[in-house]
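Listed below, chain by chain, are the residues.
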Amino acid sequence: MKPRLTIKNQDGFTLMELIVVILIAGVVSGALLGLYAGLHRTTADQQVRVLNQDSARLALYEMTRYIRAACSSDSNVTSASDSIAVAGPQELVFFVDLDGDGNAERARYYLSNKTLRMQTAKPNTSVTPHTYPAGYSSDSIVILSGVVNGSSPVFTYYGYNDKTNELYPIANPNTEGLRRDIVTIGISLAVNEKPEIAKGPVQLSTQVLVRQRYDGGINATSGI
């Protein structure tokens, strides 16, 4: 007769032990999923912030290029520059030769809701001095979307004190004389094109020296 084999400790997991194991596995899985979701949100936030920054940089570059070249309008016959027509916190209207044809267009940057837009108007060159239409000859184009400045100004304005050699702020340049005093324009943009992903806006700012302001009206050639 063959001897019988005896196997000890054949008992399996109890129901309670299985429940404990399942609970621990669930907690670990939940923690791992939470960590993954957090990393995914952080990565998406950083990617959107980079895109916001790139968009804002491009907008600042384009605006700076044109504002720096602001000049007197074709209709100006006075000895003082009229390069800046409207100087508001959310709107800037100025004259600049956009297409290089020797005639200055009237350009307008303005904030509409959360979109920064641009309009232009060409002068009527069939009369002398040239005149400009009351409206704009082009539909507005989008310069930048997702602008969330709120009550903070997009544009700020500065004059120059010859005695102190310093810039000073012009809080409300709502007269022709104050607009003529403007030599530098500040641009500040808070941008979040995808607020459902990015935690907050990126903020970029710059100051632009209006280089081609001059006295002498439409026949002047010397810069100041």
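Predicted model, so just to flag it, every value in this text is computed and none were measured. (Residues numbered from 1 in each chain as written. Predicted model: local features only at pLDDT ≥ 70, side-chain atom pairs only at ≥ 80, totals over all residues. Heavy atoms only, no water.)

1. Digging into the confidence of the model for the protein chain
So, point 1. A residue-level look at the protein chain finds 79% of positions with pLDDT of 70 or above and a mean pLDDT of 84.
So, point 2. For the protein chain, per-element mean pLDDT is lowest for helix α1 (residues 15–68), which scores 77, and highest for strand β8 (residues 184–191), which scores 97.
So, point 3. Counting interchain partners and residues more than four positions distant, the pLDDT-below-50 stretch residues 214–224 has 25 contacts. (pLDDT = per-residue confidence, 0-100. Helix = DSSP H or I, 4+ residues; strand = E, 2+ residues; numbered from the N terminus. Contact = heavy atoms within 4.5 Å.)

2. Describing the environment of Q53
So, point 1. Residue placement: Q53 occurs in helix α1.
So, point 2. Look at Q53 and you get partly exposed, because its relative accessible area is 30%.
So, point 3. Each C-alpha atom, one on Q53 and one on V202, is 6.3 Å from the other, the two residues being 149 residues apart in sequence.
So, point 4. Q53 has contacts with V202 and L204, leaving out every residue within four places of it along the chain. (Buried < 20%, exposed > 50% of the residue type's maximum accessible area, 1.4 Å probe, protein only.)

3. Here we look at the sheet that holds strand β9 (residues 202–209)
So, point 1. Pairing in this open sheet of 4 strands is antiparallel, and the strands run β7-β6-β8-β9 from one edge to the other. Strand pairing shows two members of the sheet lacking a second neighbour, β7 (166–169) and β9, which therefore form its edges. Across the sheet, the mean angle separating the axes of adjacent strands is 30° when strand polarity is ignored. (Pairing = 2+ DSSP bridges. Axes fitted to C-alpha atoms, helices over the stretch in contact; angles between N-to-C directions.)

4. What about a nonpolar patch on the surface?
So, point 1. Taken together, the side chains of L15, M16, I19, V20, L23 and I24 make up a nonpolar region of the molecular surface, amounting to roughly 610 Å² of accessible area.
So, point 2. The topology assignment puts M16 in helix α1.
So, point 3. Taking relative accessible area as the criterion, M16 reaches 57% and is therefore assigned exposed. (Patch = residues over 30% accessible without salt bridge, like charges linked within 9 Å, V, L, I, M, F, W, Y side chains within 5 Å. Areas by Shrake-Rupley, 256 points an atom, 1.4 Å probe, with all protein chains shown as cover. Salt bridge = Lys/Arg side-chain N within 4 Å of Asp/Glu carboxyl O.)

5. Overview of the pattern of salt bridges
So, point 1. Throughout the structure, instances matching the rule amount to 6 salt bridges.
So, point 2. For D54, the salt bridge identified is with R57, shortest N-O distance 4.0 Å. Of this pair, D54 and R57 are both found in helix α1, 3 residues apart, which corresponds to roughly one turn of the helix.
So, point 3. For R57, a relative accessible area of 47% gives the class partly exposed.
So, point 4. Across the pair K122 and D99 runs a salt bridge, and its minimum N-O distance is 2.6 Å. Of the two residues, K122 sits in the loop between β4 (115–121) and β5 (141–145) while D99 sits in the loop between β2 (91–96) and β3 (105–112), which places them 23 residues apart along the sequence.

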